[in-house]
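So you can see what is in the structure, the chains are spelled out below.
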Amino acid sequence: IPLILIVGLAVLVPLLIKKIGTEKAKEAGAVAISLVFYIDEIIYQLFWYGIGAWTVTDSIMIHMCGLAVMLTPVMYFTENKRVRQFMFDVLYFWGLGGAVQALLTPYVGLHVFPSVKYFGYFISHGTIVISVIYMTVVYGMDLNFRSLLRALGASFVGGVTAYGLNMVLRFVPPYEPGNYWMMGYPPPTGSVIDIFAEIFGPTPRYGIGLLIMTVVVFTLLWLPFPIRRKLKRKKN
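Residues numbered from 1 in each chain as written. Predicted model: local features only at pLDDT ≥ 70, side-chain atom pairs only at ≥ 80, totals over all residues. Heavy atoms only, no water.

K.L.:
Tell me about the pattern of salt bridges, and please be specific about residues and values.
P.N.:
Applying the stated criterion across every chain yields a total of 4 salt bridges. R228 is the salt-bridge partner of D142, the closest N and O atoms lying 3.4 Å from each other. Here R228 lies in helix α9 (residues 224–235) and D142 lies in the loop between α5 (116–137) and α6 (145–168), a separation of 86 residues in the sequence. Take D142: its relative accessible area is 28%, and that puts it in the partly exposed class. Using a relative accessible area of 44% as the deciding quantity, one classes R228 as partly exposed. A salt bridge links R229 to D142; the shortest N-O distance between them is 3.1 Å. Of this pair, R229 sits in helix α9 while D142 sits in the loop between α5 and α6, and the two are 87 residues apart along the sequence. We classify R229 as partly exposed; its relative accessible area is 26%. (Salt bridge = Lys/Arg side-chain N within 4 Å of Asp/Glu carboxyl O. Helix = DSSP H or I, 4+ residues; strand = E, 2+ residues; numbered from the N terminus. Buried < 20%, exposed > 50% of the residue type's maximum accessible area, 1.4 Å probe, protein only.)

And the structure:
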């Protein structure tokens, strides 16, 4: 049900705002998406802390999707075109590549419907997908080959940094390895990382599989843009 709702909103919201076509409508949509991001995250963090589940090893907003939640509103409202393009170059791939995978293999543990964790998880990841499509359709953002390289570079740096942070956190209470960017250990609810761990071995070796998957998925997500430009040139 949440996946159906997310797909529906990801199609309808951008098309509706684009049809209205005014700057006020475009900004209103961006504000609404930003508010959903921040309100949902504040409620989620407070809830997680309130039940005693908040931990420095996994709850800080430095997962790929957490960074997307924080940075997407900045992308919408920055007046610097270069900054906006760079952020779109990265967040497009993180949004569709990371959030979609998270939605297909949800990491909610025992917090099933109708828990706060359940709603918070699907709202945040679903809004990431909606926000990226909104930016593409309503703001008319485009990607080139450099965009793909930037996204791959940012993801590689992020993954290596996250692994280092996860190891450092072993020396911080509660003295457990972190699992940011899933570079500490595979999620207990199961994911494609389990397959990579079987093939390549435990972290950081299963990162090789994640890297290969990232290159493949990001390339597939990038291909519609050069194909669209090629078809447009043929028409002209």
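And the narrative resumes.
K.L.:
Can you tell me about the packing of aromatic side chains, naming the residues and giving the values?
P.N.:
Within this structure, the stated rule accounts for 17 aromatic pairs. Between F93 and F218 the ring centres are 5.1 Å apart and the planes differ by 35°, which places this aromatic pair in the tilted class. Placement of F93 in helix α4 (residues 81–104) and of F218 in helix α8 (residues 207–222) is noted, with a sequence separation of 125 residues between them. In terms of burial, F93 and F218 fall into one category: buried. Aromatic ring contacts, followed pair by pair, group F88, Y92, F93, F218 and F225 into a single cluster. Positioned above the aromatic ring of W48 is the side chain of K117, whose terminal nitrogen or guanidinium carbon lies 4.9 Å from the ring centre. (Phe/Tyr/Trp six-rings, centres within 6.5 Å; stacked < 30°, edge-to-face > 60°. Lys NZ or Arg CZ within 6 Å of the ring centre and 35° of its normal.)

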